[in-house]
Amino acid sequence: MTDYGHELQFGIFPSPDAAKAEQTLELAQLADVSGLDLVTVQDHPYNGAHLDTSTLLAVIGARTTNVRVAANVANLPLREPVVLARSVATLDVLTGGRAELGLGAGAFWDAIVAAGGERRTPREAVDALVEAIRVIRGVWGQDPDHPGVRSVSVDGEHYRVKGLHVGPRPLHDVEIWLGAYKPRMLRVTARLADAWLPSQGYADPPALAAMNETIDAAAVEAGRGPHAIRRMYNVFGRFGSAAGFLQGSPADWAEQLAGLTLTEGMSTFILGSDDPRTVATFAAEVAPAVREHVEIERARRAAAPNPADRHPIEVAGHAAPPTTPTATTATTLGVTPTPDDGRRLSPRMPWDESARPVAPLPAGARYTAAQESAPQHLVDIHDHLRTELGQVRDVIDQVRQGLLTVGEARSHLNTMAMRQNNWTLGAYCESYCRVVTGHHTLEDRSIFTHLRRTDSALVPVLDRLEEEHHVISDVLEQVDEALVNLVGADGYGAAGHAALDELQRAVDLLTDTLLSHLSYEERELLHPLAAHGFG
């Protein structure tokens, strides 16, 4: 059984029926105000009864402020990759960083050919997908193999791009989700994608384990580790009293979906439904209950005295990473903690950094690529927090420079990608503050509990990290209060400038404390996480 520890996400998958366009938009807005994370739309350009997916997503993005939007999944044979990349990047810019890209190699080939597309064999379709991902990431300026380049050149069998200018660049690192079922596509997902997105009906729950094993093995071989790929799932059901999968009560749904998270690692559930009541119940009753089930079980596993109760990740053909790695199968730790440059924006810190405990480094420790995925996952999460903190600071700077009014700044913050829960203007902790607090809560209740049990030398460090979590929580409350005051201030008047000054002070203190804390945590925990995992 496998739980990759990813944060849970929930979304919807409404029909793009052209005869019910307004109903689809209302469902998207319902998802937005109900606390769901995603609104996704299928893409069948040859279907005359469907609205165009890219246009529909743009309108959904304009009518919402919280949810991320994406094709589920874009039909690559009828979506030329350069145009697709620029369409998604544009959507990301216009929605404040809320666009992602679900991508498929193609199906229903007769219909694709009828619409002017090229018929491809299964091998050709996968080859074309691999080339397209390189083109798309290149256009975004996010090709990991060619960072910092200003032009894109791909000389493929299916797609040829030569000297194309990069851009527009998305506001955030857009995720690519692949709808994959066959072994080769699953291996491509492990190497190149951010997430795997199968659908119930094509991959029912009993089939998920074997597919996950294929992804895990390929991810280890590629040096990424299984944690690098989020596992998503398009689901369908109805509330009732039946005993089948997603056929019972909201409580039954919650238990079944939580079970998929804890045993199969599925952490994002996207409900295919056009019924407002079903969507509302899914958001109000099912999603919170799934989160609670998973949080309780993850905490129990972290505290379990029996290692067998913690269900360590096992890849087909590979034993779970040993606690003490051997030199014959491992390499030195290749994950580097983010350095603290020592710069501070506030006159003083709320803690004494020189008093921080330091854990002894393991002598001659060596780790496998799979073991390194755990510390790398921590750094990736921290990088996300650092990036979005930078976006907040940038908005404040633009106000000070006169590029944005206070009202425009509030509007921009309202649409930033940092919101992971409901965002209501003036309740800042429902977004970025909630994300930081949630991350720290997960560490305190689960990860730190696990590390306390497995490595007693870490106890002073873990105690200090938890103390800093409480301090940062207080700083977040100051940011929240400052933003509430900014919301009530009037433009560029004295009250507006005073409120902006106070927000700047609070964000400066958050910057100092959070960046210092994240660097300290990485310095002390990367080796223990490689050795012991998340639990």
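Residues numbered from 1 in each chain as written. Predicted model: local features only at pLDDT ≥ 70, side-chain atom pairs only at ≥ 80, totals over all residues. Heavy atoms only, no water.

Our focus in this paragraph is unusual backbone geometry. Backbone geometry follows two general trends: most residues other than glycine have a negative phi, and most peptide bonds adopt the trans configuration. Here Asn72 and Val73 are connected by a cis peptide whose omega angle stands at 0 degrees. Put simply, Gly167 and Pro168 share a cis peptide bond, and its omega is -5 degrees. With respect to the helices and strands, Pro168 occurs in the loop between β7 (160-165) and β8 (176-178). The backbone phi angle of Phe108 is positive, close to 50 degrees, even though this residue is not glycine. (Helix = DSSP H or I, 4+ residues; strand = E, 2+ residues; numbered from the N terminus.)

It is worth spelling out the environment of Pro250 at this point. Summarising the element assignment, Pro250 is placed in helix α8 (residues 250-264). For the pair Pro250 and Ala289, spaced 39 residues apart in sequence, the C-alpha separation works out to 8.7 Å. Those residues within four positions of Pro250 in sequence are excluded, and the remaining contacts are Phe239, Thr281, Glu285 and Val286. (Contact = heavy atoms within 4.5 Å.)

The subject of this paragraph is the side chain of Gln200. Residue position: Gln200 is located in the loop between β9 (195-196) and α7 (205-221). On the basis of relative accessible area, Gln200 is assigned to the buried category, the value being 18%. Those residues in contact with Gln200 that lie beyond four places of it in its chain are Tyr233, Asn234, Val235, Phe236, Phe245 and Leu246. (Buried < 20%, exposed > 50% of the residue type's maximum accessible area, 1.4 Å probe, protein only.)

Moving on to a nonpolar patch on the surface. Taken together, the side chains of Val93, Leu94 and Leu171 make up a nonpolar region of the molecular surface, amounting to roughly 280 Å² of accessible area. Relative to the elements of secondary structure, Val93 occurs in helix α3 (residues 81-94). (Patch = residues over 30% accessible without salt bridge, like charges linked within 9 Å, V, L, I, M, F, W, Y side chains within 5 Å. Areas by Shrake-Rupley, 256 points an atom, 1.4 Å probe, with all protein chains shown as cover. Salt bridge = Lys/Arg side-chain N within 4 Å of Asp/Glu carboxyl O.)

The final tally for this structure, using the stated rule, is 6 aromatic pairs. Judged by centre distance (6.1 Å) and plane angle (35 degrees), the ring pair of Phe10 and Phe269 falls under tilted. Of the two residues, Phe10 is situated in strand β1 (residues 9-12) and Phe269 in strand β11 (residues 268-271); the sequence distance between them amounts to 259 residues. The exposure classification of Phe10 matches that of Phe269, with both residues buried. (Phe/Tyr/Trp six-rings, centres within 6.5 Å; stacked < 30°, edge-to-face > 60°.)

With that out of the way, let us pick up the confidence of the model for the protein chain. Averaged over the protein chain, the pLDDT score is 85; the fraction of residues at 70 or greater is 85%. In this model residues 307-331 is a low-confidence stretch, pLDDT under 50, and it forms 46 contacts with partners more than four residues away in sequence or in other chains. (pLDDT = per-residue confidence, 0-100.)

Right, let's talk about the nonpolar core for a bit. One broad rule of soluble globular proteins: the nonpolar side chains tend to lie buried together. Counting 81 residues, the largest nonpolar core has Leu101 and Leu103 as the members making the most contacts within it. Looking at this core, the element that brings in the most residues is helix α5 (residues 122-140), giving 10 residues. Look past the residues within four positions of Leu101 in its chain and what remains in contact with it is Ala70, Ala74, Leu84, Val88, Ile136, Trp140, Val174, Glu175, Ile176 and Trp177. Judged by nonpolar contacts, the second largest core, of 23 residues, contains Leu389, Val475, Leu483 and Leu518. (Core = buried A, V, L, I, M, F, W, Y, C linked by side-chain atoms within 4.5 Å.)

With that settled, the discussion passes to helix α6 (residues 183-192). For α6, the set of buried residues is Met185, Leu186, Val188, Thr189 and Ala190. On its buried face, α6 is in contact with α5, β8, β9 and α7.

Strand order in the open sheet formed by 9 strands is β3-β2-β1-β11-β10-β9-β8-β5-β4, and the pairing between neighbours is parallel. Where the open sheet ends on each side, the last strands, each with one partner, are β3 (68-71) and β4 (74-75). The pairing of β1 with strand β2 (residues 38-41) spans 2 bridges and is classified as parallel. In the sheet register, Gly11 faces β2, and the bridge partner there is Leu38. (Pairing = 2+ DSSP bridges.)

By the secondary structure assignment, Arg452 is in helix α12 (residues 432-454). Relative accessible area serves as the criterion here: at 26%, Arg452 is assigned to the partly exposed category. Residues Arg452 and Ala302, spaced 150 residues apart in sequence, show a C-alpha to C-alpha distance of 9.8 Å.

For α8, which comprises 15 residues, the first-to-last C-alpha distance of 20 Å matches the rise-based estimate of 21 Å (1.5 Å per residue) to within 8%. For α8, every residue scored as buried is listed here: Pro250, Trp253, Ala254, Leu257, Ala258, Leu260, Thr261, Leu262 and Glu264. Looking at the buried positions of α8, the neighbouring elements they touch are α7, β10 (230-235), β11 and α9 (276-303). The positive-phi residue at the C-terminal boundary of α8 is Gly265, with phi of around 80 degrees. (Expected span 1.5 Å × (residues − 1).)

Before going further, it helps to examine the pairing of β10. Of all the 6 residues making up β10, 6 are buried; the element is thus mostly covered by neighbouring parts of the structure. Across the two faces of β10 the burial is the same, with Arg230, Met232 and Asn234 and Arg231, Tyr233 and Val235 all buried. Bridge count for β9 against β10 is 2 bridges, and the pairing is parallel. Across the sheet, the residue bridging to Ala195 is Arg230, located in β10. Direction of pairing for β10 relative to β11: parallel, over a ladder of 4 bridges. Note that in β11 the partner of Asn234 across the bridge is Ile270. Remark: the β10/α8/β11 crossover connection has right-handed handedness. (Right-handed = clockwise from strand over helix to strand, strands pointing away.)

Moving on, we come to the environment of Leu458. Positionally, Leu458 belongs in the loop between α12 and α13 (459-488). Judged by relative accessible area, Leu458 falls into the buried class, the value being 1%. For the pair Leu458 and Glu524, spaced 66 residues apart in sequence, the C-alpha separation works out to 8.4 Å. Among residues more than four places away in sequence, those in contact with Leu458 are Ala359, Leu451, Glu524, Leu525 and Pro528.

Turning to the side chain of Arg386, a few remarks are in order. Within the fold, Arg386 resides in helix α10 (residues 369-400). Among the polar contacts listed, one links the side chain of Arg386 to the side chain of Asp383, at a separation of 2.8 Å. (Polar contact = N/O pair within 3.5 Å; in protein donor to acceptor, adjacent residues only side chain to side chain.)

Residues Leu101 and Leu103 line one face of strand β5 (residues 101-104) and the alternating positions Gly102 and Gly104 line the opposite face, and both faces are buried. Tracing the backbone out of β4, into α3 and back to the parallel element β5 gives a crossover that is right-handed.

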